[in-house]
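Now for the letters of each chain:
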Amino acid sequence: MRSASRRNVLFYSFSLFCAALVLIATALALATPAFAQVSFQPSVHNSPNTPNDIFQVKLSQVGKPDLITTQAASNMVSVFLNDGNGNFPASPSATYLTGGNATNAVVSADFDGDGSPDIATANCGNSPNSPQPPVSSSVSILFNNGDKTFKPHVDYPLPACPDSIGFLRAASGNSLPSLIVSYGQSTMTLLANDHLGTFSERTISGPAGSQITGVSTANYRGTNSGLDDIAAIMNGNSVVIFFAQPDGTYSAPVTIFSMAATFFGANTVGFNATGRPDLMVPFKTLSPAESGVILLANNGGGSFTMTKLNVDPLYIGVGQKAAEGDLQGTGLHSVVLPLFYSNKPSTVSAFAVFTQQSKGAWNGPIYLAGDGDGTAPAAVVADFNGDNKPDIAAAGGVDGNLFVFRNTTSASDCSFFANPSVHVCSPTPGSSVNSPVPASISANGSPFPIAAIKAYFNGTQVASSETNTLNFTIVEPPGNYQLAANAWDTNGTVYQTIVNFTVPATAPCGVPTTAGVHICQPAAGSTVSSPVAVSAAANGGTARISAMKAYIDGNQVAASTSGTITGSATEAVGNHTLTVNAWNTAGKLFQSVVTFTVH
């Protein structure tokens, strides 16, 4: 079952902000041209004790990706198991103890070669006053039992509180993944996997007095050695790479990009879709106030091309882990950047989504709503339900939440306007639309995320959503209609677009001339949008029709006590079967069956 509803978060957000509601009517003719066709269905889950990192991995050799979050306010890690359909529980499926007293970062890989991914965490210790004994900073390894449960942690000490952890192919005598950890000093700790998950510690040094944070790994030069290099942030404002050498050592750090800013992590990704590992670096500057993400596209051979994507200056904080994937299904990858802004005395989280209109031509961002009191430090992208549409998951930070945004993008989605506004793609102004009436709406609330959309026909609410898109179909009698589409952002501002249209009188579904059932909608073999309009009529022969029922894939979607039946049903993309049964007063059954496709 899907976890906790977005509704609680939405209502909390509205009570959190005290800005006056301002009605902004947007005229389609004056709106900025549309961009980005992408939609999500959000859900919120309890992830306790300040989740400040997240990792997605299939914890068994079959199934869909599961989620692991840290507990920075305790020495534990949370595991959320996927039910196979992309649904996660309201609270962790299980929690496991780690070393240290604050679990800061997490990765997962098969460290012992048994085919089941294990968990590695980077944990901060402490130095309490006497007589409390000190707790060492450490890396904890939790080995998978083979059934998505984990053995007690095995610890390796670290010299200081770690900020990041990554796994890599290192020169350790076998192909099992090793680990690299940074902790804000001039050295990093390499835990070389010697054999079946046992590790030995090595030190990798940077320049004396430097501070190394935010590590990530890949073979950035594409060498034939099979060894991974190490990317990191040095002194807060430079992206460097320690290139792997054939003898198992690493080069001095090579700077590939620097600027007057604070960098929060070097994330290895593939946004350029070339097969070469790229880098994304969340950043912030104070003067001028600027936040966003640096994209470093790998040109091959260790050289990179930089693109800077900015968010609104409202966002005072950016997360250390950005994510990317083909969210639009176009082959052009999008970028997801976790954020937060101040609403004193608390903070509010959000997620910026940058899309590509063509390769290297970035749009956006579109802002997805997080939660009050959130700090949104990390995000991942993966296909959680196997529909070939990458979804988003994010750790909420101090709000104690896990956010999952299921990708519901389809060809019928309404594209977003670049300026804050509501875009009604259908019905179009002045159009004549047969019933059932399809409606497609999107809203962009930049800089504040859209938290809800409501649609009204002639003053009566007919549909709503708790995200920034709304698609629905509704049966309406002939007449003139006014659609008012209202959208609220998390700051309480209301955006509105009004569209006038007409529903014409249409001939009813024709009754067959002989005994039987005639299905008018959907037509046999047709491709339709969801919700699916259903319309049929029946002839009872020697007795009148007393009842009709319509079923899609065996589930009843409409019923009537006459010789005609209408209805609509929301159906998933794919092939479906509609069966319409009719009974006459003599008890005789008539049936017709059609197949159709939802795009």
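Attention in this report is confined to the structure presented alongside it. Predicted model, so just to flag it, every value in this text is computed and none were measured. (Residues numbered from 1 in each chain as written. Predicted model: local features only at pLDDT ≥ 70, side-chain atom pairs only at ≥ 80, totals over all residues. Heavy atoms only, no water.)

Helix and strand content of the protein chain: one helix and 48 strands. The principal-axis extents of the C-alpha atoms in the protein chain amount to approximately 95 × 50 × 50 Å. The buried share among the 599 residues of the protein chain stands at 56%. Put simply, 55% of the contacts in the protein chain that link residues at least 6 apart link residues at least 24 apart. About 23000 Å² of surface is accessible on the protein chain, with carbon and sulfur atoms providing 52% of the total. (Helix = DSSP H or I, 4+ residues; strand = E, 2+ residues; numbered from the N terminus. Buried < 20%, exposed > 50% of the residue type's maximum accessible area, 1.4 Å probe, protein only. Contact = heavy atoms within 4.5 Å. Areas by Shrake-Rupley, 256 points an atom, 1.4 Å probe, with all protein chains shown as cover.)

Further remarks concern the sheet that holds strand S45 (residues 555-560). Strand order across the open sheet formed by five strands is S42-S48-S47-S44-S45, with mixed pairing between neighbours. Since the sheet does not close on itself, it has two edges, and those belong to strand S42 (527-528) and S45, each with one partner. Pairing of S42 with strand S48 (residues 589-598), which is carried by two bridges, proceeds in the parallel orientation. By the bridge assignment for S48, Thr527 is matched with Thr597. (Pairing = 2+ DSSP bridges.)

Turning next to the state of the cysteines. Under the criterion given, the structure shown has three disulfides. Here Cys124 pairs with Cys161 through a disulfide, and the sulfurs are 1.7 Å apart. Given an S-S torsion of about 50°, the disulfide between Cys124 and Cys161 has right-handed geometry. Of this pair, Cys124 sits in strand S9 (residues 118-124) while Cys161 sits in the loop between strand S11 (154-157) and strand S12 (164-168), placing them 37 residues apart in sequence. Across the disulfide from Cys509 sits Cys520; the S-S distance is 2.0 Å. Its S-S torsion of about 90° marks the bond between Cys509 and Cys520 as right-handed, since a negative value means left-handed. Separated by 11 residues along the polypeptide, Cys509 in the loop between strand S40 (494-503) and strand S41 (516-521) and Cys520 in strand S41 bring together distant segments of the chain. Counting only the cysteines that form disulfides, in the order they appear in the protein chain, gives the pairing 1-2, 3-4, 5-6. (Disulfide = S-S within 2.5 Å.)

Phe111, Val139, Ile141, Ile165 and Leu179 are the most contacted members of the largest nonpolar core, which totals 29 residues. If you list the elements that add at least two residues to this core, you get strand S4 (54-57), strand S6 (76-80), strand S8 (102-109), S9, strand S10 (138-142) and strand S13 (178-182). It is S8 that provides the largest number of residues to this core, a total of four residues. Judged by nonpolar contacts, the second largest core, of 23 residues, contains Ala439, Tyr481, Ala487 and Phe501. (Core = buried A, V, L, I, M, F, W, Y, C linked by side-chain atoms within 4.5 Å.)

Turning our attention to empty space enclosed by the protein. Evaluation of the coordinates by the stated rule reveals one cavity of 30 Å³ or more. Space inside the largest cavity adds up to approximately 60 Å³. Looking at the largest cavity, it is lined by 10 residues, and the ones nearest its centre are Ala369, Phe405, Ile450, Glu466 and Thr467. Among the elements that line the lining of the largest cavity, the one with the most residues is strand S29 (residues 361-372), at three residues. Looking at the lining of the largest cavity residue by residue, the class counts come to six nonpolar, two polar and two charged. (1 Å grid on protein atoms, 1.4 Å probe; cavity = no way out; pocket = protein on both sides within 12 Å on 5 of 7 lines; lining within 4 Å. Points joined across faces, edges and corners; volume = space filled by probe spheres on them. Nonpolar A, V, L, I, M, F, W, Y, C, P; charged D, E, K, R; others polar.)

The next thing to look at is the side chain of Glu476. With respect to the helices and strands, the residue Glu476 is situated in the loop between strand S38 (469-474) and strand S39 (479-489). Although Glu476 is buried, it forms no salt bridge, and the closest oppositely charged side chain is Lys454 at an N-O distance of 17 Å. For Glu476, the residues in contact, after removing those within four places along its chain, are Ser435, Val437, Phe457, Val462, Tyr481 and Val503. (Lys, Arg positive; Asp, Glu negative; His and termini not counted. Salt bridge = Lys/Arg side-chain N within 4 Å of Asp/Glu carboxyl O.)

The next subject is the environment of Asn101. If you trace the backbone, Asn101 turns up in the loop between strand S7 (94-97) and S8. Measuring from C-alpha to C-alpha, the distance between Asn101 and Ser137 comes to 8.1 Å, with 36 residues separating the pair along the chain. The residues contacting Asn101, other than those within four sequence positions of it, are Ala73, Ser74, Asn75, Cys124, Gly125, Asn126 and Val135.

Our focus in this paragraph is the packing of aromatic side chains. What the rule picks out here adds up to 18 aromatic pairs. Plain terms: the ring middles of Phe88 and Phe384 are 5.2 Å apart, the flat faces sit at 90° to each other, and that makes the pair edge-to-face. With Phe88 in the loop between S6 and S7 and Phe384 in the loop between strand S30 (378-382) and strand S31 (391-395), this pair connects stretches of sequence that are 296 residues apart. An angle of 20° between the planes, with centres 5.0 Å apart, marks the rings of Tyr315 and Tyr367 as stacked. With Tyr315 in the loop between strand S24 (303-311) and strand S25 (317-318) and Tyr367 in strand S29, the pair connects residues that are 52 residues apart, well separated along the chain. Given a relative accessible area of 4%, Tyr367 falls into the buried group. (Phe/Tyr/Trp six-rings, centres within 6.5 Å; stacked < 30°, edge-to-face > 60°.)

Along the chain, Ser287 connects to Pro288 via a cis peptide bond; the corresponding omega equals 0°. Position of Pro288 among the secondary structure elements: in the loop between strand S22 (278-286) and strand S23 (289-300). With an omega dihedral of 5°, the bond running from Ser435 to Pro436 counts as a cis peptide bond. Considering the arrangement of structural elements, one finds Pro436 in the loop between strand S34 (421-426) and strand S35 (437-444). Non-glycine residue Asn388 carries a positive phi angle of around 65°. One non-glycine residue, Asn458, adopts positive backbone phi at about 50°.

Here we take up the sheet that holds strand S5 (residues 66-71). The strand order across the open sheet formed by four strands is S4-S5-S6-S7, and the pairing between neighbours is antiparallel. Each of the sheet's edge strands pairs with one partner strand only, and the pair in question is S4 and S7. Looking at each pair of strands side by side, their axes are set apart by 25° on average, direction ignored. Inspection of the sheet shows S6 paired to S7 by four bridges, in the antiparallel sense. Bridge assignment links Met76 to a residue of S7, and that residue is Leu97. (Axes fitted to C-alpha atoms, helices over the stretch in contact; angles between N-to-C directions.)

The next subject is the pattern of salt bridges. Across all of its chains, the model carries four salt bridges by this definition. Linking Lys148 and Asp66 is a salt bridge whose minimum nitrogen-to-oxygen distance equals 3.3 Å. With Lys148 in the loop between S10 and S11 and Asp66 in strand S5, the pair connects residues that are 82 residues apart, well separated along the chain. For the pair shown, Lys148 and Asp66 are each scored as buried. Where Lys308 meets Glu290, a salt bridge forms, and the shortest distance between an N and an O atom there is 3.0 Å.

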